[in-house]
Amino acid sequence: MAVCVAVIAKENYPLYIRSIPTENELKFHYMVHTSLDVVDEKISAMGKALVDQRELYLGLLYPTEDYKVYGYVTNSKVKFVMVVDSSNTALRDNEIRSMFRKLHNSYTDVMCNPFYNPGDHIQSRAPAAPLMAVSVRRAFDSMVTSMMIQVC
Amino acid sequence: MADPALFEFLHTEMVAELWAHHSDPGPGVSAGPRGEEARAAAGKKMSLCVLEGMGFRVGQALGERLPQETLAFREELDILKFLCKDLWVAVFQKQMDSLRTNHQGTYVLQDNSFPLLIRMASGLQYLEEAPKFLAFTCGLLRGALCILGIKSLVTASVASLPTCKFQVVIQKT
C-alpha cells in the first residue's frame, strides 16, 4: 500500500499529489520532487541504451531508511511516482507494477473526460454539484484511495 | 469502434452543422459590398478552426489511450509509424498507405482511399468541398502528436478524391 501517490506532468509540475498521513505532507512533496531527478536520469539512460525494449515501468528510484520510491513514465511523458513504506516488505515488484497499471488506466480515463483540459490539476468538483454520474476525477481519487494504506 | 459507419455519419453531420452557420461569423468583420465575401471567408475559416480544434482534443485523448500497452517510443519516426498504423487502424479500420519523409522534420502521409472521402466521389468532382472534411483529421493528427511530445503543423491536400495527403511539419523550438 502506498503512502504517497503523485502524477507529474511533462513540464514537471504536479497534476495530482496525495499522501497519507496528511500531517507531514511537505516531506512527501519534497521526496517526490527529488525523485524527479532520478526519473530524468533513468529516461535519458534508456534513450542511450541500445536495448530494443523500452519499458514504461522505471522500478525502484531510490530507497531511504523509511520509504521506497517507485517510478513509471507514460508515452506522453507524464510521470507517476509512488512512495511506499519500507516496513511493508511483503510488497512485490509485480504488485507495484499492477498498481501503476491501474493508475495509468485511471489517468487515461481522466484524459478522455471532455470536461478535463490537459494540463489542469486533477481534482473533483464539490459534491454539491448536480451530477448524475460519478465524475471521472472522483473515480481517480477513489482509485488512489484504494491503493493507499489505512493509517489510524 | 464497433461500426465504422457511425463515426462517418457523425463526422458528416458535424461538418454540415458547422458549415450551416458560416454565413454569420460574428462582429468585427467589415460591412459593405466587399463585406459579404469577407464575412463568408472569415466564417469558413472559423468553422475550419473549430473542426480542427475538435480533432485536436480527440487526438490528445487517443494519444493517451492507444499507446498504453506499447513500450516507450524511441524516436520521432516511431511516433509517426504509430500514427500511420495504430491510430489510423483504430479510427478508420485501415492503415495509412504511405509515409514519406525528408528526414528534416517534414513527413507526408498518404491515404489512397480515405474513408471520410470515399463515399463522396472518385476523381475530381467535389474537389473544392473536400478540405472541410479533412480539417477534423488534421486536428486529430496534431493532437496525438502534441500529447506524445511533438509540436507540429498538419495540413491536408487533395489532388483527386479519395486520395489525400497529410503533411506534418515538426516545429523545432
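The following refers to the structure shown. All values derive from a computational prediction rather than experimental measurement.

**Comments concerning the overall build of chain A**
For chain A, the helix and strand inventory stands at 3 helices and 5 strands. Ordered by position from the N terminus, the helices and strands of chain A form the series β-β-α-β-β-β-α-α. The buried share of chain A, taken over its 152 residues, is 43%. A fraction of 54% describes how many contacts in chain A between residues 6 or more apart in sequence connect residues 24 or more apart. Surface exposure of chain A reaches about 8200 Å², of which carbon and sulfur atoms provide 56%.

**A closer look at the packing of helix H3 (residues 76-92) of chain B against helix H5 (residues 135-147) of chain B**
Residues and elements named next belong to chain B. Relative orientation of the contacting elements H3 and H5 amounts to 130 degrees, with a least axis distance of 11 Å. The orientation of H3 relative to H5 falls into the category oblique. Remark: the crossing between H3 and H5 carries right-handed chirality. From H3, Ile 79, Leu 80, Leu 83, Leu 87, Trp 88, Val 91 and Phe 92 reach across to H5, where they touch Thr 137, Leu 140, Leu 141, Ala 144 and Leu 145. Residues belonging to the contact of H3 with H5 are distributed by class as follows: 11 nonpolar, 1 polar and no charged.

**Quick look at the pattern of salt bridges**
Should the charged atoms of two oppositely charged side chains come close, the side chains can pair. Residue and element names in this part refer to chain B. One pass over the full model with this rule turns up 9 salt bridges over all chains. Across the pair Lys 172 and Glu 76 runs a salt bridge, and its minimum N-O distance is 3.8 Å. Separated by 96 residues along the polypeptide, Lys 172 in the segment after strand E4 (163-170) and Glu 76 in helix H3 bring together distant segments of the chain. Of the residues examined, Lys 172 reaches a relative accessible area of 64% and is grouped as exposed. Residues Lys 94 and Asp 111 are paired through a salt bridge, measuring 2.3 Å at the closest nitrogen-oxygen approach. Remark: Asp 111 occurs in strand E2 (residues 106-111) and Lys 94 occurs in the loop between H3 and strand E1 (98-101); sequence separation between them is 17 residues.

**Considering unusual backbone geometry**
With an omega of -15 degrees, the peptide bond running from Leu 161 of chain B to Pro 162 of chain B counts as cis. Turning to its location among the elements, Pro 162 of chain B is positioned in the loop between strand E3 (152-160) and E4. The backbone of Asn 12 of chain A sits at a positive phi, close to 65 degrees, despite the residue not being glycine. With respect to the helices and strands, the residue Asn 12 of chain A is situated in the loop between strand E1 (2-8) and strand E2 (14-19). Assessed through its relative accessible area of 36%, Asn 12 of chain A is described here as partly exposed. Despite not being glycine, Gln 93 of chain B shows a phi value in the positive range, around 60 degrees.

**Here's the deal with helix H2 (residues 93-112) of chain A**
Spanning 20 residues, H2 of chain A covers 29 Å between terminal C-alpha atoms, matching the ideal 28 Å at 1.5 Å per step. Within H2 of chain A, burial applies to Ile 96, Met 99, Phe 100, Leu 103, His 104, Ser 106, Tyr 107, Thr 108, Val 110 and Met 111 of chain A.

**Brief notes about the sheet that holds strand E5 (residues 79-85) of chain A**
All names here are of chain A. Overall, antiparallel pairing links the 5 strands, which are arranged E2-E1-E5-E4-E3 in an open sheet. Looking at strand neighbours, the two that pair on one side only are E2 and strand E3 (57-63), the edges of this open sheet. Going from strand to strand, the sheet's axes swing by 15 degrees on average, the running direction of each strand aside. In this sheet, E2 lies alongside E1 in antiparallel orientation, the contact comprising 5 bridges.

**Looking at the interface of chain A and chain B**
Listed by partner, the interface residues are 23 residues for chain A and 16 residues for chain B. Taken together, the two surfaces of chain A and chain B that pack against each other cover about 1800 Å², and 45% of this comes from carbon and sulfur. Linking chain A with chain B are 1 salt bridge. Two residues, Asp 109 of chain A and Arg 65 of chain B, come together in a salt bridge whose shortest N-O distance is 2.6 Å. Counting across the chain A and chain B interface gives 10 residue pairs in polar contact (both at pLDDT 80 or more).

**Considerations on the nonpolar core**
Core analysis: the largest hydrophobic core is formed by 71 residues, its most contacted members being Phe 100, Leu 103, Tyr 107 and Phe 140 of chain A together with Leu 109, Phe 114 and Phe 166 of chain B. The leading source of residues in this core is H3 of chain B, at 9 residues. Not counting residues up to four positions away in its chain, the partners in contact with Phe 114 of chain B are Trp 88, Phe 92, Phe 133, Leu 134, Thr 137, Pro 162, Cys 164 and Phe 166 of chain B. Grouped together as the second largest cluster of nonpolar side chains are 19 residues, Ala 6, Ile 8, Val 69 and Val 73 of chain A included.

Analysis parameters
Residues numbered from 1 in each chain as written. Chains lettered and ligands numbered in written order. Predicted model: local features only at pLDDT ≥ 70, side-chain atom pairs only at ≥ 80, totals over all residues. Heavy atoms only, no water. Helix = DSSP H or I, 4+ residues; strand = E, 2+ residues; numbered from the N terminus. Buried < 20%, exposed > 50% of the residue type's maximum accessible area, 1.4 Å probe, protein only. Contact = heavy atoms within 4.5 Å. Areas by Shrake-Rupley, 256 points an atom, 1.4 Å probe, with all protein chains shown as cover. Axes fitted to C-alpha atoms, helices over the stretch in contact; angles between N-to-C directions. Parallel < 35°, antiparallel > 145°, perpendicular 65-115°, else oblique. Left-handed = near helix turned anticlockwise from the far one by under 90°. Nonpolar A, V, L, I, M, F, W, Y, C, P; charged D, E, K, R; others polar. Salt bridge = Lys/Arg side-chain N within 4 Å of Asp/Glu carboxyl O. Expected span 1.5 Å × (residues − 1). Pairing = 2+ DSSP bridges. Buried area = accessible area lost by both parts, 1.4 Å probe. Polar contact = N/O pair within 3.5 Å; in protein donor to acceptor, adjacent residues only side chain to side chain. Core = buried A, V, L, I, M, F, W, Y, C linked by side-chain atoms within 4.5 Å.

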